[in-house]
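Examining the three-dimensional arrangement
Here is how the chains run, residue by residue.
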Amino acid sequence: GIFNNLVKAQNLRAAEHNRLKQLVEAKDLVELQRLLFQLPLAEPVRYTLSKLPVLHGGAEILEKIPYLHELEATKQAVEELLAVYECLAAYGVQEHVVLDMGVIRGLNYYTGVIFEGYSPRLGYSLMGGGRYDKLMGQFGEERPATGFALGVDRLGLVVNAPPEPPAGYW
């Protein structure tokens, strides 16, 4: 929601929007910078988009991008993200949660928070998903939804991995 609403407010063509999304998600800072200066963007938006790929951490990272609060749609997306983060904190799992502003799933049906799940035993995600409020309407009836996909093959790699050596072994 944050990325999409920032870009939507700039009235870019779909191809430009998609290319920006690809570069942010790939964390390709060189090509992203080049494209940002080719596009007719407001300077605060250009700055904000250039920072997204490298911003990750706790809720404090959102304060590092002040322009997010200037657009009502991005302000709402930030508030939604913070609400999810606060719910996770209430369950005491915030130390396992990283907000990564460079994670932008390539599928255009997501309408809100997106997420990925990791294991310390694997160098890439085990699962991913998010909020998609308009997808069900394409198949008949509008229903807000959240879902995810789990990579069973990746889960097998984690479950069948050899045990970790004892602390201090290496």
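Here, residues in each chain are numbered from 1, in the same order as that chain's written sequence. This being a predicted model, a pLDDT of at least 70 is required before a residue's local features are given, and a value of 80 or more before pairs of side-chain atoms are given or counted; all residues contribute to the totals for chains, interfaces and linings. Water and hydrogen atoms play no part in the side-chain values, which are based on all heavy atoms of the structure.

1. Quick notes on the sheet that holds strand E5 (residues 146-150)
- One bridge is not enough; two strands pair if DSSP finds at least two bridges between them. By definition, any uninterrupted DSSP run of H or I lasting at least four residues is a helix, any uninterrupted run of E lasting at least two residues is a strand, and each is numbered from the N terminus. Spatially, E3-E4-E5 is the arrangement adopted by the three strands of the open sheet, whose pairing is antiparallel. Sheet topology places strand E3 (114-117) and E5 at the edges, where each strand pairs with a single neighbour. Averaged over all pairs of adjacent strands, the angle between their axes in this sheet comes to 15°, without regard to strand direction.
- By the bridge criterion, four bridges tie E3 to strand E4 (residues 127-131) in an arrangement that is antiparallel. Within the sheet, the bridge partner assigned to glycine 117 lies in E4 and is methionine 127. The axes used here are C-alpha line fits, helices contributing only the stretch in contact, and every angle between their N-to-C directions lies in the interval 0 to 180 degrees.

2. Things to note about the packing of helix H2 (residues 14-26) against helix H3 (residues 29-38)
- In the contact formed by H2 and H3, the axes pass within 9 Å of each other and the chain directions differ by 150°. It follows from the interaxial angle that H2 and H3 lie roughly antiparallel. Crossing handedness for the pair H2 and H3: left-handed. Of the residues in H3, those touching H2 at Arg19, Leu20, Leu23 and Val24 are Glu31, Leu32, Leu35 and Leu36.
- Each residue receives one of three labels: charged for Asp, Glu, Lys and Arg, nonpolar for Ala, Val, Leu, Ile, Met, Phe, Trp, Tyr, Cys and Pro, and polar for the others, Gly being one of them. In terms of residue class, the contact of H2 with H3 is made up of six nonpolar, no polar and two charged. An angle below 35 degrees is read as roughly parallel, one above 145 as roughly antiparallel, one from 65 to 115 as roughly perpendicular, and any other as oblique. Throughout, a crossing is termed right-handed when the near helix is turned clockwise from the far one, and left-handed when it is turned anticlockwise from it by less than a right angle. Only heavy atoms matter for contacts: two residues are in contact if any of them lie within 4.5 Å across the pair.

3. Some words on the pattern of salt bridges
- By convention in these notes, a salt bridge is any Lys or Arg side-chain nitrogen within 4 Å of a carboxyl oxygen on Asp or Glu. Under the definition given, this model contains six salt bridges.
- With its nearest N and O atoms 2.2 Å apart, the salt bridge here joins glutamate 31 to arginine 34. Of this pair, glutamate 31 and arginine 34 are both found in helix H3, three residues apart, which corresponds to roughly one turn of the helix.

4. Some points on helix H4 (residues 43-51)
- Only protein chains enter the accessibility calculation, which uses a 1.4 Å probe; a residue is then buried when its area is under 20% of its type maximum, exposed when over 50%, and partly exposed in between. Within the sequence span of H4, burial applies to Val45, Arg46, Thr48, Leu49 and Ser50.
- Buried residues belonging to H4 abut helix H1 (2-8), H2 and H3.

5. Comments concerning the packing of H3 against H4
- It is at 10 Å that the axes of H3 and H4 come closest, and there the two elements cross at 165°. As the angle between them shows, H3 and H4 are arranged roughly antiparallel. H3 and H4 meet at a crossing whose hand is right-handed. Packed against H3, whose contacting residues are Leu32, Gln33, Leu36 and Phe37, the element H4 presents Arg46, Leu49 and Ser50 at the interface.
- Of the residues in the contact of H3 with H4, the class split is four nonpolar, two polar and one charged.

6. A few points about a nonpolar patch on the surface
- Here the term patch refers to residues with relative accessible area over 30% and no salt bridge, with like charges joined within 9 Å and nonpolar side chains (Val, Leu, Ile, Met, Phe, Trp, Tyr) within 5 Å. Using a 1.4 Å probe, accessible areas were evaluated by the Shrake-Rupley method; residue-level cover was limited to the displayed protein chains. Side chains of Phe148, Leu150, Leu155 and Val159 sit close together on the surface and give an oily, nonpolar patch of about 390 Å² of accessible area.
- Looking at the secondary structure, you find leucine 155 in helix H6 (residues 152-159).

The quantities given are spatial measurements derived from coordinates; they are silent on function.
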